[in-house]
Protein chains: 2
Amino acid sequence: MSNLENKYTNLSVDCVIFGYRNEQLNVLLIKRKGSENFSKEQYALPGDLLDKKDSLDEAAEKILFNLTHFKGIYLEQFYTFGAPRRVSNKADREWLKASRKIPGERVITVAYFALVKVEDYSADYRSNDGEISWTPINEIPQLTFDHNQIVEKAHAYLRANLIDKQIGFELLPEKFTLSELQSFYETILNVAYDKRNFRKNIKSQTFIKKLDEKVEGQAHRPARLYTYEPDKQ
Amino acid sequence: MSNLENKYTNLSVDCVIFGYRNEQLNVLLIKRKGSENFSKEQYALPGDLLDKKDSLDEAAEKILFNLTHFKGIYLEQFYTFGAPRRVSNKADREWLKASRKIPGERVITVAYFALVKVEDYSADYRSNDGEISWTPINEIPQLTFDHNQIVEKAHAYLRANLIDKQIGFELLPEKFTLSELQSFYETILNVAYDKRNFRKNIKSQTFIKKLDEKVEGQAHRPARLYTYEPDKQ
DNA sequence: TCAAAAGTGTTGCATCTACACCCATGG
DNA sequence: CCATGGGTGTAGATGCAACACTTTTGA
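The text that follows walks through the structure, step by step, so that each part is easy to find. (Residues numbered from 1 in each chain as written. Chains lettered and ligands numbered in written order. Predicted model: local features only at pLDDT ≥ 70, side-chain atom pairs only at ≥ 80, totals over all residues. Heavy atoms only, no water.)

Helix and strand content of chain A: five helices and ten strands. Going through the 233 residues of chain A one by one, you find that 48% of them count as buried. Taking all contacts inside chain A whose residues are at least 6 apart in sequence as the whole, residues at least 24 apart take part in 69%. Carbon and sulfur atoms provide 45% of the accessible area of chain A, an area that totals close to 12,500 Å². (Helix = DSSP H or I, 4+ residues; strand = E, 2+ residues; numbered from the N terminus. Buried < 20%, exposed > 50% of the residue type's maximum accessible area, 1.4 Å probe, protein only. Contact = heavy atoms within 4.5 Å. Areas by Shrake-Rupley, 256 points an atom, 1.4 Å probe, with all protein chains shown as cover.)

Further remarks concern the layout of surface pockets. Size it by volume and the largest pocket reaches roughly 780 Å³. Contributing to the lining of the largest pocket are 22 residues, with Tyr157 and Asn161 of chain A together with Tyr157, Asn161 and Lys165 of chain B lying nearest its centre. Those elements that provide at least two residues to the lining of the largest pocket are strand S5 (74-81) and helix H3 (147-161) of chain A together with strand S5 (74-81) and helix H3 (147-161) of chain B. Broken down by class, the residue content of the lining of the largest pocket amounts to ten nonpolar, four polar and eight charged. (1 Å grid on protein atoms, 1.4 Å probe; cavity = no way out; pocket = protein on both sides within 12 Å on 5 of 7 lines; lining within 4 Å. Points joined across faces, edges and corners; volume = space filled by probe spheres on them. Nonpolar A, V, L, I, M, F, W, Y, C, P; charged D, E, K, R; others polar.)

Our focus in this paragraph is the interface of chain B and chain A. With 22 residues of chain B at the contact, the number on the chain A side is 22 residues. Among the residues of chain B in contact with chain A, Tyr8, Gln77 and Arg106 of chain B are the three that bury the most area, contributing 31% of the side total. If you look at where chain B meets chain A, you find zero salt bridges. Where chain B meets chain A, there are one residue pair in polar contact (both at pLDDT 80 or more). Taken together, the elements giving at least two residues each to the side of chain B that touches chain A come down to strand S1 (7-21), strand S4 (47-51), helix H1 (56-68), S5 and strand S6 (108-115) of chain B. Considering each element in turn, the side of chain B that touches chain A owes the most residues, four residues, to S5 of chain B. (Buried area = accessible area lost by both parts, 1.4 Å probe. Salt bridge = Lys/Arg side-chain N within 4 Å of Asp/Glu carboxyl O. Polar contact = N/O pair within 3.5 Å; in protein donor to acceptor, adjacent residues only side chain to side chain.)

With that settled, consider the sheet that holds strand S10 (residues 224-228) of chain A. Residues and elements named next belong to chain A. The sheet built from three strands is open, its strands ordered S8-S10-S9 with antiparallel pairing. Strand pairing shows two members of the sheet lacking a second neighbour, strand S8 (175-176) and strand S9 (208-214), which therefore form its edges. Taken together, the two bridges between S8 and S10 define a ladder with antiparallel strand orientation. Residue Lys175 lies in a different strand from S10, and its bridge partner there is Thr227. (Pairing = 2+ DSSP bridges.)

Within a sheet, each strand pairs with its neighbour through backbone hydrogen bonds, oriented either parallel or antiparallel. In spatial order, the strands read S8-S10-S9 (chain B); together these three strands make up an open sheet with antiparallel pairing. Each edge of the open sheet is held by one strand with a lone partner, namely strand S8 (175-176) and strand S9 (208-214) of chain B.

Together, Lys203, Lys210, Lys214 and Arg221 of chain A make up a region of like positive charge exposed at the surface. Secondary-structure assignment places Lys210 of chain A in strand S9. (Patch = residues over 30% accessible without salt bridge, like charges linked within 9 Å, V, L, I, M, F, W, Y side chains within 5 Å. Lys, Arg positive; Asp, Glu negative; His and termini not counted. Charge placed at Lys NZ, Arg CZ, Asp CG, Glu CD.)

Glancing now at the pattern of salt bridges. Side-chain pairs of opposite charge can arise where the charged atoms are in close proximity. Taken as a whole and assessed by the stated rule, the structure comprises 14 salt bridges over all chains. Where Lys53 of chain B meets Asp51 of chain B, a salt bridge forms, and the shortest distance between an N and an O atom there is 3.4 Å.

Taken together, the neighbourhood of DNA strand D is formed by 21 residues, with Arg221 of chain A together with Lys195, Arg199, His220 and Arg224 of chain B sitting nearest. Each atom of DNA strand D within 4 Å of the protein was assigned to sugar, phosphate or base; sugar and phosphate come to 40%. His220 of chain A is positioned such that a nitrogen or oxygen atom in its backbone is 3.3 Å from a base oxygen of DNA strand D. Contributing elements (two or more residues each) for the surface near DNA strand D: helix H5 (195-203) of chain A together with helix H5 (195-203) of chain B. Here the surface near DNA strand D gets five residues from one element, more than from any other, and that element is H5 of chain B. Grouping the amino acids of the surface near DNA strand D by side-chain chemistry returns five nonpolar, five polar and eleven charged. (Near = heavy atom within 4 Å.)

This part covers the nonpolar core. Ile17 of chain A together with Val13 and Ile17 of chain B are the most contacted members of the largest nonpolar core, which totals 48 residues. Those residues within four positions of Ile17 of chain B in sequence are excluded, and the remaining contacts are Asn26, Val27, Leu28, Pro46, Leu64, Leu67, Ala114, Val116 and Trp134 of chain B. Counting residues in each nonpolar core, the second largest holds 39 residues, with Phe81, Ile140, Leu181 and Ile188 of chain B among its members. (Core = buried A, V, L, I, M, F, W, Y, C linked by side-chain atoms within 4.5 Å.)

Now for the side chain of Glu76 of chain A. Residues and elements named next belong to chain A. As for its placement among the helices and strands, Glu76 is situated in strand S5. You can call Glu76 buried: its relative accessible area is 18%. Polar contacts involving the side chain of Glu76 include one to the side chain of Tyr157, which spans 2.5 Å. For Glu76, the side chain forms a polar contact with the side chain of Lys165, separated by 3.0 Å. Filtering out sequence-adjacent residues up to four positions away, Glu76 remains in contact with Ala111, Tyr112, Phe113, Tyr157 and Lys165.

Now for the relation of the copies chain B and chain A. Mapping chain B onto chain A leaves a residual RMSD of 0.1 Å; the transformation is a rotation of 179 degrees accompanied by 0.0 Å of translation along its axis. On this basis, the relationship between the two copies can be described by a two-fold rotation axis. In this assembly the copies share their binding face: 100% of the residues contributing to the interface of chain B also contribute to that of chain A. (Least-squares fit on C-alpha atoms with pLDDT ≥ 70 in both.)

The subject of this paragraph is the packing of helix H4 (residues 178-189) of chain B against H5 of chain B. Residues and elements named next belong to chain B. Remark: H4 packs on H5, axes separated minimally by 11 Å, with the N-to-C direction vectors making an angle of 105 degrees. Classified by the angle between their axes, H4 and H5 sit roughly perpendicular to one another. For the pair formed by H4 and H5, the contact residues are Leu178, Ser179, Leu181, Gln182 and Tyr185 on the first element and Lys195, Phe198, Arg199, Ile202 and Lys203 on the second. Per-class residue counts for the contact of H4 with H5 are five nonpolar, two polar and three charged. (Axes fitted to C-alpha atoms, helices over the stretch in contact; angles between N-to-C directions. Parallel < 35°, antiparallel > 145°, perpendicular 65-115°, else oblique.)

These figures come from the coordinates and say nothing about function on their own.
Listed below in structure tokens is the structure:
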């Protein structure tokens, strides 16, 4: 990380990075170990102070690249959080102090929303801030600052745009069966679809292509694989 | 306005304030007169540097209140703009200098989106920055900084959410005829609806109430008035 | 041959679209 | 009595929801 002179001390960019694994929606969190400066373990969203020479989008890309070493990941700004008393509790202030940011100073966060295919994601990389790990959306612990609220808003945004913006395919593997796709939508939207109606619906979408491949090695009828190909213009 | 010590010098809040009049969508712009410090007239969105003690929402409310002296107006944050070279052209830098903000410094803008009923709005108030005036959306001149881009994004946001979020009624007068409502949607969404189908549709919406009142004094059959009453919970 | 998931159609109901004429008023 | 915009219904097409059995594979 560059030194403080190049940073806006009160403006940070944080990312809610979603992945889908074990039939669950997961979020990438950073776990900061306890130390002499601040007692408890803390969980937070990946983020950093904004570098003066970066655009907001570039800052978010850098955060993402530092964690996953991937580029070209789906990334979108979704909201900016800035209540004056965001940085209020003691543990948060201790951490700000320990990490040489300005304690007691209000932090304004431009929040981004990223979608990654977990099977492409190499878990070897570590943040400078601490260990990173996938956490199922409904097992998220208390996070620093107002990060829980940020995750909540990102989650709402994901659900609201999952179908219309076709962003679900950023989370799914390249090839998937229709049963996987159905279960994916059902999990994230918390609904149930009728199997036949779901398939009828999907097959009427031009951007889902049937492949000449089937899943192998299962003790039942093999499922046909499909892939996502966005429509031109 | 408070003095500079209380402000974040690089973080501003700007508002795109929409109104509907003369069958057109309008935006409230500020016109700054030419002076010895900067030559041309300039048009800009109402906005201000963020006060350290305000939340983002409060800052937007203040900007709005200073212009319209109204509270309780529909207001929503919609995007944050922050490319490093936003403040690049000469006239913009001259104005920044003249208005004692920091020249050459990047400005990050949290943009808000407001909807007002123009007939409630008293045009007597003036900004400290200059004259304010309603400008039809398709007659907007070149604005300072990237404000044209901000208006464009706000406009897209309005169209995308006009129906689902029922926000159109924030722009319309309390009482309206179905023909007015139809023409309003058609103007903003740039579509055409069939009159009978439109009315059938509207009448199936629970939040539109028929009044016992009619328009008077027109040289044709008087139109029934309707009003908007959001559904409970 | 059994277990387990894949795959497949039809029917009724609700919703959307297209379309043309009479009504109430002021001038 | 005329001009002007207000107001109304029906029929066909399309889209959505409900529902159960056969197929293919590995063990």
